[in-house]
Number of protein chains: 2
Amino acid sequence: MKKVDVVVVGGSAAGIPVALTVRRQYSEKTVLVVRKEQQVLIPCGIPYIFGTVGSPDKNLIPDMILKKNEIGLLVSEVQSIDLQARVLKTEAEDLQYERLVLATGSTPVRPPIPGVDLDGVFAIEKNVSSLSRIQEKVMIAESVVVIGGGFIGIEFADEIKKSGVKSVTIVECVAHCLSLAYDTAFCVEMEKHLKARGVEIMTGSTVERIDGESSVESVVLSGGTIIPTSVVILGIGASANATLAKAAGLELAPDGSVAVDRNMKTSDPNVFACGDCASKVSFFGGKPSSLKLASIATYEARIAGANVFALKRENIGTVGVWSTAVGDLAMGTAGLTESVARREGYEVVATTVESPNRHPGCMPGAQACRLKLLFERSSGVLLGGQIMGDVAIGEIINTLSACIQKKMNAEDLAMFQTGTHPALTASPIAYPLVNAAELAIMQMK
Amino acid sequence: MKKVDVVVVGGSAAGIPVALTVRRQYSEKTVLVVRKEQQVLIPCGIPYIFGTVGSPDKNLIPDMILKKNEIGLLVSEVQSIDLQARVLKTEAEDLQYERLVLATGSTPVRPPIPGVDLDGVFAIEKNVSSLSRIQEKVMIAESVVVIGGGFIGIEFADEIKKSGVKSVTIVECVAHCLSLAYDTAFCVEMEKHLKARGVEIMTGSTVERIDGESSVESVVLSGGTIIPTSVVILGIGASANATLAKAAGLELAPDGSVAVDRNMKTSDPNVFACGDCASKVSFFGGKPSSLKLASIATYEARIAGANVFALKRENIGTVGVWSTAVGDLAMGTAGLTESVARREGYEVVATTVESPNRHPGCMPGAQACRLKLLFERSSGVLLGGQIMGDVAIGEIINTLSACIQKKMNAEDLAMFQTGTHPALTASPIAYPLVNAAELAIMQMK
C-alpha cells in the first residue's frame, strides 16, 4: 500500500492551499491531493462563465501549482476512510496516511419545491460538464429564472442577461436581494442597478412550484404569478459534503458539516477539515456560522495545513469579508451588518459617508462611493462595514477586515494614516473610512 | 477686535481638516480659517492639470465644506502673531484667538543652480495664477525638462507629455526615479513604463546650469550633455513655510519647520501646527522625517484639531503611505523600503510575489500585480510594502498601513481573512499579502 505523509481530499479553494501550507510548513513530508474532478473550476469565477469569460475551460485552476510545489495529484473518487488503520480507499488505490485533510467542499441545495427535478432546473455544480450543459440550455433560452437573490443569484442573473437572454428574473423570498450581507439602503442600490441592466427582480416572493411536462415551462409564485421559462437556476445556498466523514465515524456539527475545533481538527486527531465541508463559527461571539466562501476556505486551509503535525495556528472565527460586482457597480462587506448586529444584541453606532473615489471629481474613473461603518457603542470597536463604488472597494473591505480582526475602534480608524492619490482614491480630506469613524466618535460622546 | 475661539492659518490639506476636527470635537467653539488664496488647489491633483484634468479651475477644493460646517473664512494675508496677547494680525483685521493652528504649508525648493532664476524655470507654487502661467508656457513648448524624478517629477513629466509636448526629459541625480520610496526593481518598472510612454529619463545626472539669455534655452548636465528646452520644472522637494512662526518666536526644528510635539503642540501651548509646515518624526524609530504629503497633513490635522482644548490624540509618527499612477500603471508604498530599512540597521526578510489582480486571469481588467513585503527578522513585524498593479493598489497600501500601524507580524498577515472577487481582486489562493507573508515565515525559520 502506498504511504503518504499527508493526504488531502479535494483540490479546490481549500484543498490546494492546504497542500501548499503543508509543503511550506513541513518541507520534508510527502503530500498528495486526491480529487475526483479531472479539471478544477475557480469557484467564484463560475457565474462569469456565462457572459464575461465565455466558457468553463477559461475558468480553471491550473494543476501546475501542485507540480511546482512537489505535491502529488491523484484523480480518483474516494470510497471510504478507515480512521483506525489510517487508510483512505480510492477507486484507483488504497493510501496509508499519517494525516488526512478533508477539503471536500459543498453541494448546492435543491429545495423541496414541486417540480425541482424537472429537466432545465439546475443547481450550480462545480464541474465543467454540468456547467457546459447549463450553458448550452441558457444559450437557447428566451427566459431564465434565478431562484435566490444572494450574490451567486445576482451574478448569475446579470451574466445570463449579458449573454443575450431576453428575460431574466430573480425570485427572492425576503424583502431584498443581498440582505444577508448588506443593510437595506445598499441592497436597494444593487437592485436598482440590476433593473437598469434589464434584470427583473421579484422580492418577497416564494416559489410555489415549477411547472412543465418533462422539462420546465414556468415558475409559479405563491401570489399566483406565473413566469414562463425554460431554464431555472437554483442559487439558494450549499450544504457541506460530509458523507465520507460521516461514514467514517467522524463527528458532524448540527448543520451536517464536519465538526472541527479552532485548530481545524476533527474528532479524530489525525484528521483535519477545512473549507465548505467544515463547521464554522463567527468571529463575533463564536456562534455557528453558515457562510461558505472560497476566501474563508483558503484561510482555514492555512490553519489546517500548518497544524497537521503540530498545532501552530488557531481560527479566530469567520469575520465574513466578501464583495460582488455587477457591471461597474461593486459592493463589499466585512463583519456584521447593522440589522444582524442589532438582532444579536449589540448596541451600535452606524455612520454612512459618501465621497467620490477620485480627487478632483473630474478625474477619469470618478464614481460615487458610499461607506457605512458600524461600531459597538460602549467600546467603539469596529463591528462591520459595507461599501459600494468602483473596483477598489474590493480592497477597501480588506482594510476593514484588518481593522476588525485587530479589534480597532473608531479612534484607531480616525487616526488611520491613509495613502491617497488623485487617480486612485478619494481625497485625503474625504477619505471615507476616516470620516465615517470621525462621525461615529461624535455620536458616541 | 474680533474674538475667535480657534483660528486656523491655511486652508488646504491641513487647514480644512483641522477646522473640521475642531468643529466635530468642540461643537460650541467658533472656528475661523484665514488663508491668503482666493481659491485653494487640491495639492495632489496639480500634476493632472496639465493633461488629464485640463485646467487649474477644475482642481479646486470647494469652500462649501467650510460653510456647511459653520466654519468662518477670511481671505487675507497674515502679517504677524503676538503670542503673548494671542492676537493674529492680518491685512484685513486683527483677530483675538484662544487657540491658533498653523497650517501654512510648504514652498517648493529652488536649488542654487546657475540660471535657476531665468524666465521659464518654474517651481510648482500651489496657486491658480502661477499654474495657469506655467500651463501657457508648456502648451507652446517643444521641449520640457523636469528636474527631479520623485513622484511629483514623474507625474508632471507624464502629464506634460500627454498634453502634446514633443520632448519631455526627467533629470534625476540618483541612480533611479522614485528611489526614496521604492526599491530598485520597482523603480526600474516605472522608468520602463515612462519611457514606453515617450518620456526621456536621465538618471545619475546632475544639472550643472540652466542656460539662456533672459529665458531658459537649455539645461546643461554635469557630464556635458545639453538639453535644449524652453521650460524647466523643478520637482525636487519643498521646505516648510515657517517665516510667520519664526518671527513670532516659536521654536523651529533643525530642518526649519515649526517644531511640534506628539500632540502637534508648538513651543507655545496655545499654538498648534500641522501639515507641511510642522516638524515630523518617523513611525520607525522616531527620527525626524522629511516626508510631506497631503494625506500626512490630514492625519496631523485630525490630531491637532482634537487637541486644541484638551490633549486627546497623539501622533505615532509618519508611516509613509502613498501611491503614484502613470497611465495604467499604479505603484504604492507603505512604511520602509528594503534599502532604507537595511541602512537604518534592521535585519530584514523581504519577499516578493506576483499574481494577476483578477481570477481567472482572462477577466476584464486583469493585470499583473507585484508585491514586496518587508519584515523585521527576529520579531516578524511588518516594516513595509511596495506594490505595483492597477488602480486597486491605491487601497492595498492602506491595508498595509493598517497592518504596519498595528505592528502586525508575518503570522498575522498569513492568517489575514481577505475578501476576494473574480472581477475585483486576486484569487484567494494567490492573494498577494497573504502569500508574501507565508513565504517570509518560511524564510524566518
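Worth saying up front: this structure is predicted, and the values here are computed from it rather than measured.

Draft legend 1. Spatial organisation of the overall build of chain A. Across its full length, chain A carries 11 helices and 24 strands. Overall size of chain A, expressed as C-alpha extent along the three principal axes, is 65 × 60 × 40 Å. Intrachain contacts of chain A at a sequence separation of at least 6 include 65% that bridge at least 24 residues. Here chain A displays about 16400 Å² of accessible surface, and carbon together with sulfur accounts for 51% of that area. Separation of charge centres in chain A, based on 42 positive and 47 negative side chains, amounts to 4 Å.

Draft legend 2. Region of the structure containing the pattern of salt bridges. Residue and element names in this part refer to chain A. Within this structure, the stated rule accounts for 45 salt bridges over all chains. Linking K166 and E142 is a salt bridge whose minimum nitrogen-to-oxygen distance equals 3.9 Å. One end of the pair, K166, is in the loop between α4 (151-162) and β12 (167-171); the other, E142, is in the loop between α3 (128-139) and β11 (143-147), and 24 residues separate them in sequence. K166 sits in the exposed class, given a relative accessible area of 60%. The partner of E347 in a salt bridge is R377, and the shortest N-O contact between them spans 3.8 Å. Note that E347 is positioned in the loop between α8 (338-344) and β22 (348-356) and R377 in the loop between β23 (368-376) and β24 (382-389), a separation of 30 residues in sequence. Connected via shared salt-bridge partners are D183, E338, R342 and K372.

Draft legend 3. View of the packing of aromatic side chains. This structure, assessed with the given rule, holds 12 aromatic pairs over all chains. Arranged with centres 5.1 Å apart and planes meeting at 90°, the rings of F283(B) and F284(B) form a pair that is edge-to-face. What makes F284(B) buried here is its relative accessible area of 9%. Above the ring of F309(A), the side-chain terminus of K29(A) is found at 4.3 Å from the ring centroid.

Draft legend 4. Looking closely at the interface of chain A and chain B. Chain A puts 82 residues into the contact, and the matching count from chain B is 82 residues. Buried surface at the junction of chain A and chain B, both sides included, amounts to about 6500 Å², of which 62% is carbon and sulfur. Put simply, chain A and chain B have six salt bridges between them. In this structure, E411(B) engages R313(A) in a salt bridge whose closest nitrogen and oxygen atoms are separated by 2.5 Å. Remark: the boundary between chain A and chain B carries 34 residue pairs in polar contact (both at pLDDT 80 or more). At the level of secondary structure, the elements contributing two or more residues to the side of chain A that touches chain B comprise α1 (15-25), α7 (294-307), β20 (321-326), α9 (393-405), α10 (410-414) and α11 (432-444) of chain A.

Draft legend 5. How the structure looks around the side chain of T351(A). Residue and element names in this part refer to chain A. When you line up the elements, T351 lands in strand β22. Among the residues examined, T351 registers a relative accessible area of 3% and is labelled buried. Side-chain polar atoms of T351 contact the backbone oxygen of A436, separated by 2.8 Å. Residues in contact with T351, not counting those within four places in the same chain, are L371, K372, L373, F375, A436, L439, A440 and Q443.

Rules and cut-offs
Residues numbered from 1 in each chain as written. Chains lettered and ligands numbered in written order. Predicted model: local features only at pLDDT ≥ 70, side-chain atom pairs only at ≥ 80, totals over all residues. Heavy atoms only, no water. Helix = DSSP H or I, 4+ residues; strand = E, 2+ residues; numbered from the N terminus. Contact = heavy atoms within 4.5 Å. Areas by Shrake-Rupley, 256 points an atom, 1.4 Å probe, with all protein chains shown as cover. Lys, Arg positive; Asp, Glu negative; His and termini not counted. Charge placed at Lys NZ, Arg CZ, Asp CG, Glu CD. Salt bridge = Lys/Arg side-chain N within 4 Å of Asp/Glu carboxyl O. Buried < 20%, exposed > 50% of the residue type's maximum accessible area, 1.4 Å probe, protein only. Phe/Tyr/Trp six-rings, centres within 6.5 Å; stacked < 30°, edge-to-face > 60°. Lys NZ or Arg CZ within 6 Å of the ring centre and 35° of its normal. Buried area = accessible area lost by both parts, 1.4 Å probe. Polar contact = N/O pair within 3.5 Å; in protein donor to acceptor, adjacent residues only side chain to side chain.

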